[in-house]
Amino acid sequence: MALVVFDMGRRVETPIRPQQKRVQATEATAGVHPISHTDASHSGEAALQAYQQQKEKHPDAVGFIREVMHREVRTLLPSATVQQAWDLVQKTGYHHLPVIDENRQVLAMFSDFDLLQALARQPASTLPLFWRSNIMALAVKPVLCVLQDTDIRQSSRILYEYNIGALPVLNNNNELCGIVTRSDILRLLSHYGPMELWA
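Residues numbered from 1 in each chain as written. Predicted model: local features only at pLDDT ≥ 70, side-chain atom pairs only at ≥ 80, totals over all residues. Heavy atoms only, no water.

Engineer: Hey, could you run me through helix H5 (residues 152–161) in this one?
Structural biologist: The periodicity of an α-helix, 3.6 residues per turn, causes residues three or four places apart in sequence to face the same way. Along H5, the positions that sit buried rather than exposed are Ile 152, Ser 155, Ile 158 and Leu 159. For H5, the angular spread of the buried residues around the axis is 120 degrees, confining them to a single face. Of the residues that open H5, the one with a side-chain oxygen 2.8 Å from the backbone nitrogen of Arg 153 is Asp 151. A positive backbone phi angle near 55 degrees is found at Asn 163, which sits one or two residues after H5. (Buried < 20%, exposed > 50% of the residue type's maximum accessible area, 1.4 Å probe, protein only. Helix = DSSP H or I, 4+ residues; strand = E, 2+ residues; numbered from the N terminus. Arc of directions from axis to C-beta. Polar contact = N/O pair within 3.5 Å; in protein donor to acceptor, adjacent residues only side chain to side chain.)

Structural data, given as structure tokens:
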């Protein structure tokens, strides 16, 4: 079971999808990388022969989310204010900040998108109070999380199906140990190898 839902640091649910919708872990197949440079003097036939004779390169196995997650996660304490959260977003450039307790249990998830939505609804007269308010009023809970041994494809499917931008990653003690975003998955796709590896 890969997907775990946490609400205020407590595991509240592990959703199970019907069998036909479950994503099964699969091994990546090795692909042939195309020739990067061809000599202008080579004819099309010579270039084809060189391509066919090229040795197959087996990519390193990348199967689990722990291999692509960010281990250094910027987090917020539940006592943080909206202003402190926004300052951290601007300083780091991160769009998603998990809210954790002193035991690294995930309580909620703050994102700049949620902040901007709330800001758009605030009357101008209440803005000073808004910036001083507690972050837990804006942070999303419960939080969808994955375990560090979750298959990359399952994590990608969760990001897609639930339309979220980031997943906190937990160790076997349900402590935050990393985070993975949609951008991480796209980066992996673009650098890992031929697209047939992901078919």
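Engineer: Where do I start with unusual backbone geometry in this structure?
Structural biologist: A negative phi holds for most residues other than glycine; trans holds for most peptide bonds. Look at the link from Lys 141 to Pro 142: it is a cis peptide, with omega at 0 degrees. Examined against the element boundaries, Pro 142 turns out to sit in the loop between helix H4 (127–132) and strand S5 (143–147). Residues other than glycine seldom take positive phi values, yet Arg 104 does so here, at roughly 65 degrees. Along the chain, Arg 104 falls in the loop between strand S3 (96–100) and strand S4 (106–111). Accessibility expressed as a relative area gives 34% for Arg 104, which makes it partly exposed. At Asn 163, a residue that is not glycine, the phi angle is positive and equals roughly 55 degrees. Summarising the element assignment, Asn 163 is placed in the loop between H5 and strand S6 (166–170). The exposed category is assigned to Asn 163, whose relative accessible area is 61%.

Engineer: Would you mind showing me how to read the pattern of salt bridges here?
Structural biologist: Opposite charge on two side chains lets them pair, provided their charged atoms get close. Taken as a whole and assessed by the stated rule, the structure comprises three salt bridges. Across the salt bridge formed by Glu 161 and Arg 157, the nearest N and O atoms sit 3.6 Å from each other. Of the two residues, Glu 161 and Arg 157 are both situated in helix H5; the distance of four residues between them amounts to about one turn of the helix. Relative accessible area serves as the criterion here: at 33%, Arg 157 is assigned to the partly exposed category. Residue Arg 187 pairs with Asp 184 through a salt bridge whose shortest N-O separation is 2.9 Å. In this pair, Arg 187 and Asp 184 are both assigned in helix H6 (residues 182–192), three residues apart and thus about one turn of the helix distant. (Salt bridge = Lys/Arg side-chain N within 4 Å of Asp/Glu carboxyl O.)

Engineer: Could you clarify how one ought to interpret the pairing of strand S1 (residues 3–7) in this entry?
Structural biologist: Along any regular strand, the residues point their side chains to alternate faces of the sheet. Where burial is concerned, most of S1 is hidden: four out of the five residues are buried. Pairing of S1 with S5, which is carried by four bridges, proceeds in the antiparallel orientation. What sits directly across from Phe 6, in S5, is Val 143. (Pairing = 2+ DSSP bridges.)

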